[in-house]
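Structure at a glance
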Amino acid sequence: MRLQEKVAKRIHELRLSKSMTQEQLAEKDNMDVSMLARIERGSRGDIRMSTLERIVSGLDVSYQEFFTFPEDGDETTKLASSIALIKDPEVIRALHKIVNTLIQKDNK
């Protein structure tokens, strides 16, 4: 998969993980929604760095998080990338309990 396709897919994934519509992200980034839609579909061609910076900022993620493409890693990396998208404190606490329980089981 080309970088342009990965970036388009990542924008789409992150936007959905934050329960944002294209309209909401476009408004937050002060850009035209049709342009954002073309970027997400990968039909926009080259994306300007300033546009990408606005999108990353609008998604409220770090550049490191944005450029961590889950499909590039092993199963552990994919899982960690997916978990990193979770922002709900209740879900994070529940996952923490599950992991601690599994660790305690393995140590017995």
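What counts, and where the lines are drawn
- Residues numbered from 1 in each chain as written.
- Predicted model: local features only at pLDDT ≥ 70, side-chain atom pairs only at ≥ 80, totals over all residues.
- Heavy atoms only, no water.
- Helix = DSSP H or I, 4+ residues; strand = E, 2+ residues; numbered from the N terminus.
- Buried < 20%, exposed > 50% of the residue type's maximum accessible area, 1.4 Å probe, protein only.
- Contact = heavy atoms within 4.5 Å.
- Areas by Shrake-Rupley, 256 points an atom, 1.4 Å probe, with all protein chains shown as cover.
- Phe/Tyr/Trp six-rings, centres within 6.5 Å; stacked < 30°, edge-to-face > 60°.
- Core = buried A, V, L, I, M, F, W, Y, C linked by side-chain atoms within 4.5 Å.
- Expected span 1.5 Å × (residues − 1).

Along its length, the protein chain carries seven helices and zero strands. In the protein chain, the order of α-helices and β-strands from amino to carboxyl end is α-α-α-α-α-α-α. Within the protein chain, the proportion of its 108 residues that are buried is 28%. When contacts within the protein chain are restricted to residue pairs at least 6 apart in sequence, long-range pairs at least 24 apart make up 57% of them. Summed over its atoms, the accessible surface of the protein chain is roughly 7500 Å², and 54% of this surface lies on carbon and sulfur atoms.

Okay, the packing of aromatic side chains next. Evaluated as defined, the whole model comprises one aromatic pair. Ring centres of F66 and F67 lie 5.0 Å apart, and the angle between their planes is 85 degrees; on these two criteria the pair is classed as edge-to-face.

Below, the discussion takes up the nonpolar core. Most often, soluble globular proteins have nonpolar side chains that are buried together. I11, L25, L36, I55, L59 and F66 are the most contacted members of the largest nonpolar core, which totals 18 residues. The set of elements that each furnish at least two residues to this core consists of α1 (3-17), α2 (22-29), α3 (33-41) and α4 (49-59). Here the element with the most residues in this core is α4; it accounts for four residues. With near-sequence residues (within four places) excluded, I11 lies in contact with L25, L36, I39, E40, L52, I55, L59 and F66.

On to α1. Look at α1: 21 Å from first C-alpha to last across 15 residues, which is about the 21 Å you get at 1.5 Å a residue. Along α1, the residues that are buried comprise K6, V7, A8, R10, I11, L14 and R15. The secondary structure elements touched by the buried residues of α1 are α2, α3, α4 and α5 (63-66). One or two steps after α1, the chain reaches S19, where phi turns positive at roughly 55 degrees.

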